[in-house]
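Read off the chains here:
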Amino acid sequence: MTLEEKVGQLTQMGGGTQATGPQAATGTEEDIRRGHIGSFLGVWGAETTRRLQRIAVEETRLHIPLLFASDVIHGFRTIFPVPLAEAASWDVALAERCARVAALEATAHGLHWDYAPMVDIARDARWGRVVEGAGEDPFLGSAFAVARVRGLQGHTPGSADAMIATAKHFVAYGAAEAGRDYNTADISERTLREVYLPPFRAAVEAGAGSIMAAFNELAGVPMHANRRLLRDVLRDEWGFRGVVVSDYAGIEQLMAHGVAATPADAAREALSAGIDVDMVSGLYLRELPALARRDPRLSRAIDDAVRRVLQAKQSLGLFDDPYRYSDVAREAARTSTPEARALSREAARESLVLLENRGQILPLPKGLATLAVIGALADDTRSVLGNWAAVGRPQEAVSILAGIRAAVSPKTRVLYARGASARSDDTSGFAEAESAARSADAIIAVVGETEDMSGEARSRARLELPGAQQGLIERLAAIQKPLVVILLNGRPLVLSGVVARAPAVLEAWYPGSEGGNAVADVVFGDHDPSGKLPISFPRAVGQLPMSYAHKPTGRPPSDSESYTSKYLDVAVTPLYVFGHGLGYTRFEYDTPRLSATRIDPEGELRVQVTVHNTGQRAGDEVVQLYLRDDVASFTRPVRSLRGFARVSLAPGSAEEVTFTLDRDDFALLDADDKRVIEAGTFTVFVGGSSSAERSAQFEVTRGERLTGRGSAVPRFMRSASARW
Ligand code: GLC
């Protein structure tokens, strides 16, 4: 390979259809013929990819096939709930199934490389990209990272429906100061290791074929030039052998960061730091050949990067059959299948979180004489898909209004009024909405954010309902009819003003192609809500960033003591805690039973708890186990999630759930970033949310230094063929 041909393999060009940043270098057929492109971003379609692949294979000197990459974040044509919603299901098996179907559709359209899963931990809801991840907790985030990687890559390596999964954005992108996208992240090494790195390590352990660097700087070093993390940690410490891809023109942005004076400096710094593939900046192609001719180290770095790109192509079988993903018949057969739609509806149902249900307003009867459905979002099929919806088609999506209409009895009169929208302060729709509400037996208000108010470059400094929606809720509440609020949104909102007025509030996020049907399934009782929040909902934006796994401080908040860590104007607790979610029945927990009260650090502790369904309906419950290291050499979170399990219980029945804790759960990092277990007591909490009260204590009898990093994959998912 000539130097230019090598650098061509490290160059990814845009297809002109997908811009999420400054206008990208768009690849042409002539670029392919010259060997200047190794992969495309945002080009798909069996016919299109076959045509471009043929040029690469038949009209170039080396016949190296192209890779086609895109963002298949929560489905390709059949859209699943947004990732934050899917995480609210706490159902990792379901998440894997959804990722698998997304891969089936995407690979049938010629795509090889998926820029998913996004595994950034997020504890600041002002940040728009919180919608793309699995929330605030590294244990839950690691579980979903593993499930999504396994789903996308499949279990039969080399099959023509396997995609290369990309864990992104490496790393601490969600720690952006002030929740402002692309902003500085400045966190301690301990927080980096304990909170932000684990889901990436879990994804690498699960075999993710690619990692994407983050736009942000971390403690003064932009991630696209961060050799310590991209090489020393990712490759040397974790043994990652896949491809590292820049984010969109991220290499060029090293100049904006002020760490590169010229494009040549930026290209050199990125390659030296460990970025293999240049996404759409074009700097590698323009600058590296000349630089490498003068610097053998760069030439070696180029060879290493090219080898990884070629290995990725080899792993997909593209050298044997470059056209195996570009099959028009398969594309048609695998798109929008009834099975995919059914799975989307199942996933959406499980992602819904019942936040409030005072007076058991829900489920509503299907036979109401008149039902008023109010809100612009009720009829918005674009928003029901959410952002990053690939080729999902709004016209193929089921709106909340359509789902309700399809579910109620033919005798029910459904009145719709737009009322208000998220996009404007216009209140002229209030009168029509109030009129419809007055003539109804119950009111369903659909409010929240339009899909473009969450996602990349969509940070918000205020988190109340946008537009005139809060005013609409107040007007509807004044009518004194049963009022149900359904939320469409991509982040925790400040809902105090909503919850005070609406006895029933259902969090629907952006539920995907079947969203309206899934919401109706729960609203009318065909499905029991079981979702649990993967992220805390604040009372006020001023509380952010926040997490249930906070540190105790030296002055824990106290209502009776003034000089403690709290606010004068808002309670310190969230409005809804991590792990919160109601059902239509009620669950109660016995005190957890431990297999021992004193254990050796090398031992295993079994925690058994009996869960009772004490209500009148069957229901699913996500049993959660939290652990606290009561006293340690370093401050520890007041509790950390270390296990969860779904149980389905008939009314009046009970089930015993068993968790196993081991050294990975007891360990902490010492001052040298080495894992140690310290003698002392730990407290286990078990319940239906992070405010679980049922607890038991045990003691680790002696300390121990641990070798190695242990596993970041949650124990119950560790065996490759694990079915949990
Ligand atoms: C965007 C996003 C990244 C995405 C890439 C390609 O800017 O940061 O998540 O994969 O560009 O679309």
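Because the structure is a prediction, the values reported are computed rather than measured. (Residues numbered from 1 in each chain as written. Predicted model: local features only at pLDDT ≥ 70, side-chain atom pairs only at ≥ 80, totals over all residues. Heavy atoms only, no water.)

A. Spatial organisation of the sheet that holds strand 24 (residues 668-669). The three strands lie next to each other as 24-25-28, forming an open sheet whose pairing is antiparallel. Of all strands in the sheet, those with a lone pairing partner are strand 24 and strand 28 (704-705), marking the two edges. Pairing of strand 25 (residues 675-677) with strand 28, which is carried by two bridges, proceeds in the antiparallel orientation. In the sheet register, isoleucine 677 faces strand 28, and the bridge partner there is glutamate 704. (Pairing = 2+ DSSP bridges. Helix = DSSP H or I, 4+ residues; strand = E, 2+ residues; numbered from the N terminus.)

B. The arrangement of the site of the ligand in detail. Every one of the 14 residues lining the ligand counts as a neighbour, but Asp71, Arg129, Lys168, His169 and Asp247 are closest to it. Here an oxygen atom of the ligand and a side-chain polar atom of aspartate 71 are 2.4 Å apart. Between an oxygen atom of the ligand and a side-chain N or O atom of glutamate 456, the distance comes to 3.0 Å. When the ligand sits alone it has 310 Å² of accessible area, and the protein chains cover 100% of it. For the shell around the ligand, the per-class residue count stands at six nonpolar, three polar and five charged. (Near = heavy atom within 4 Å. Polar contact = N/O pair within 3.5 Å; in protein donor to acceptor, adjacent residues only side chain to side chain. Areas by Shrake-Rupley, 256 points an atom, 1.4 Å probe, with all protein chains shown as cover. Nonpolar A, V, L, I, M, F, W, Y, C, P; charged D, E, K, R; others polar.)

C. Local environment of the packing of aromatic side chains. Going through the model one piece at a time under the given rule, you end up with 19 aromatic pairs. When the centroid spacing of 5.3 Å and the interplanar angle of 85° are considered together, the rings of tryptophan 90 and phenylalanine 644 count as edge-to-face. On the criterion of sequence distance, the pair formed by tryptophan 90 in the loop between helix 4 (83-87) and helix 5 (92-108) and phenylalanine 644 in strand 22 (residues 640-649) is long-range, its members being 554 residues apart. No difference in accessibility class separates tryptophan 90 from phenylalanine 644, as the two residues are buried. Measuring from centroid to centroid gives 5.6 Å for phenylalanine 666 and phenylalanine 682, while their planes differ by 55°, and the two rings are tilted. Highlighted residues: phenylalanine 666 in helix 22 (residues 663-666) and phenylalanine 682 in strand 26 (residues 680-687), separated in sequence by 16 residues. Take phenylalanine 666: its relative accessible area is 1%, and that puts it in the buried class. For phenylalanine 682, a relative accessible area of 1% corresponds to the buried category. Ring pairs connect the aromatic residues Trp90, Phe139, Tyr548, Phe578, Tyr626, Phe644 and Phe716, which therefore count as one cluster. For the cation-ring pair, arginine 190 lies above phenylalanine 634, with the distance from its terminal atom to the ring centre recorded as 3.9 Å. The residue whose ring lies beneath arginine 639 is phenylalanine 685, and the NZ or CZ to ring-centre distance is 3.7 Å. (Phe/Tyr/Trp six-rings, centres within 6.5 Å; stacked < 30°, edge-to-face > 60°. Buried < 20%, exposed > 50% of the residue type's maximum accessible area, 1.4 Å probe, protein only. Lys NZ or Arg CZ within 6 Å of the ring centre and 35° of its normal.)

D. Examining the domain arrangement of the protein more closely. Each domain of the protein was delimited in the assignment, giving domain 1 (344-543) and domain 2 (587-717). Taking the mean C-alpha position of each, domain 1 and domain 2 sit 35 Å from one another. Every contact between the two is made by six residues of domain 1 and, on the other side, nine residues of domain 2. Of the roughly 600 Å² buried at the junction of domain 1 and domain 2 (both faces included), carbon and sulfur atoms supply 38%. When the buried surface of domain 1 facing domain 2 is broken down by residue, Asp528, Ser530 and Lys532 rank first, second and third, together holding 71% of it. Inspection of the domain 1/domain 2 interface yields two salt bridges. Between lysine 532 and glutamate 621 there is a salt bridge, with its nearest N and O atoms 3.1 Å apart. Joining domain 1 to domain 2, the criterion identifies five residue pairs in polar contact (both at pLDDT 80 or more). Of the residues assigned to the side of domain 1 that touches domain 2, the class counts are one nonpolar, two polar and three charged. (Domains from an automatic or database assignment. Contact = heavy atoms within 4.5 Å. Buried area = accessible area lost by both parts, 1.4 Å probe. Salt bridge = Lys/Arg side-chain N within 4 Å of Asp/Glu carboxyl O.)

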